[in-house]
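Listed below, chain by chain, are the residues.
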Amino acid sequence: MGENLQSGMRLRPVDLARPHGLSTQAVRNYEEAGILPAAERTESGYRTYTPLHARALATFLALLPGHGHRTATGIMRAVNRGAADEAFLLIDESHAQLLEDRRTLRAVESALRDLGPETGESGPPGSPAATATATATFIGPLADRLSIRPATLRKWEAAGLVRPRRDPLTGYRVYGEADVRDARLVHQLRRGGYLLEQIAPLIGQVRTVGGLAPLEAALTDWRARLSARGRVLLTGAAELDAYLRKREETQAHPPELSTPDGSP
């Protein structure tokens, strides 16, 4: 928001709302939520805002895309009550979450590369193509191939990460091509330090899109969304820094309020 207003100018709710396409009620709600500093009141009870409030609103709206409503609200509340360190902690947590998401993406991409061409793409589990072309194996040989114990495969099965069928005659577990793919992907992610509950959503996505190849598009989109989130976090940080400077300036030199036409 351009700073072409006098530092002590009185502003109406509509003056804050209009540049952002908001309603005046939204501005009032933001004030009541502590997102904006408390407004002064005229003798007749009307709210009067200042450019500091305008800066606070612009800051909140800039924080919103990167941090979400709850965290952005917490940041503004903390700043407005003079607890900047609390606000910085919330910001750090958002950046830590972004870093964790980036590491997860990197681990997934690494796992897919490590799987190599051995894992086929004949179709989703249970599809005619997968059934027709799958090379079945049993728990022992698959465990040997992955250098794990059969008990580990049974644990993954209990968590829903692999879903072998049972031979109707012997009752033995039979791992088809898609099951081997899932087991190898779980194995790579476990080696990367990820918990079973963290792996489950990815395996579900692999099954939904029908294999690993379609997942490449999803990973590209995931990467783009993480980059966009990093950018909006930077934008929010810049706005917050400007708001903090404006607060410090206002506290050091309290303005003498005037109406928009410049009269006291």
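So, how was this worked out
- Residues numbered from 1 in each chain as written.
- Predicted model: local features only at pLDDT ≥ 70, side-chain atom pairs only at ≥ 80, totals over all residues.
- Heavy atoms only, no water.
- Core = buried A, V, L, I, M, F, W, Y, C linked by side-chain atoms within 4.5 Å.
- Buried < 20%, exposed > 50% of the residue type's maximum accessible area, 1.4 Å probe, protein only.
- Helix = DSSP H or I, 4+ residues; strand = E, 2+ residues; numbered from the N terminus.
- Contact = heavy atoms within 4.5 Å.
- Expected span 1.5 Å × (residues − 1).
- Arc of directions from axis to C-beta.

## Regarding the nonpolar core
In terms of nonpolar packing, the biggest core is built from 31 residues, with Leu153, Trp156, Leu185 and Leu189 touching the most fellow members. Listed by contribution, the elements that provide at least two residues to this core are α4 (84–115), α6 (139–146), α7 (150–158), α8 (177–191), α9 (196–209) and α10 (215–252). With 6 residues, α4 is the largest single contributor of residues to this core. Those residues in contact with Leu189, other than ones at most four positions away along the chain, are Ala107, Val108, Ala111, Tyr194, Ile199 and Leu202. With 27 residues, the next largest nonpolar core counts Leu16, Val79, Ala83 and Ala87 among its residues.

## Regarding the environment of Arg184
Secondary-structure assignment places Arg184 in helix α8. Take Arg184: its relative accessible area is 10%, and that puts it in the buried class. In sequence terms Arg184 and Ala111 are 73 residues apart; their C-alpha atoms lie 8.6 Å from each other.

## Observations regarding α9
An ideal rise of 1.5 Å per residue puts 20 Å on 14 residues; α9 measures up with 20 Å between its terminal C-alpha atoms. Along α9, the positions that sit buried rather than exposed are Leu196, Ile199, Leu202, Ile203, Val206 and Arg207. Projected down its long axis, α9 carries its buried residues within an arc of 145°, all on one side. Seen from the buried face of α9, the exposed residues on the opposite side, beyond 90 degrees, are Glu197, Pro201 and Thr208. Positive backbone phi, at 90°, marks Gly210, one or two positions downstream of α9.

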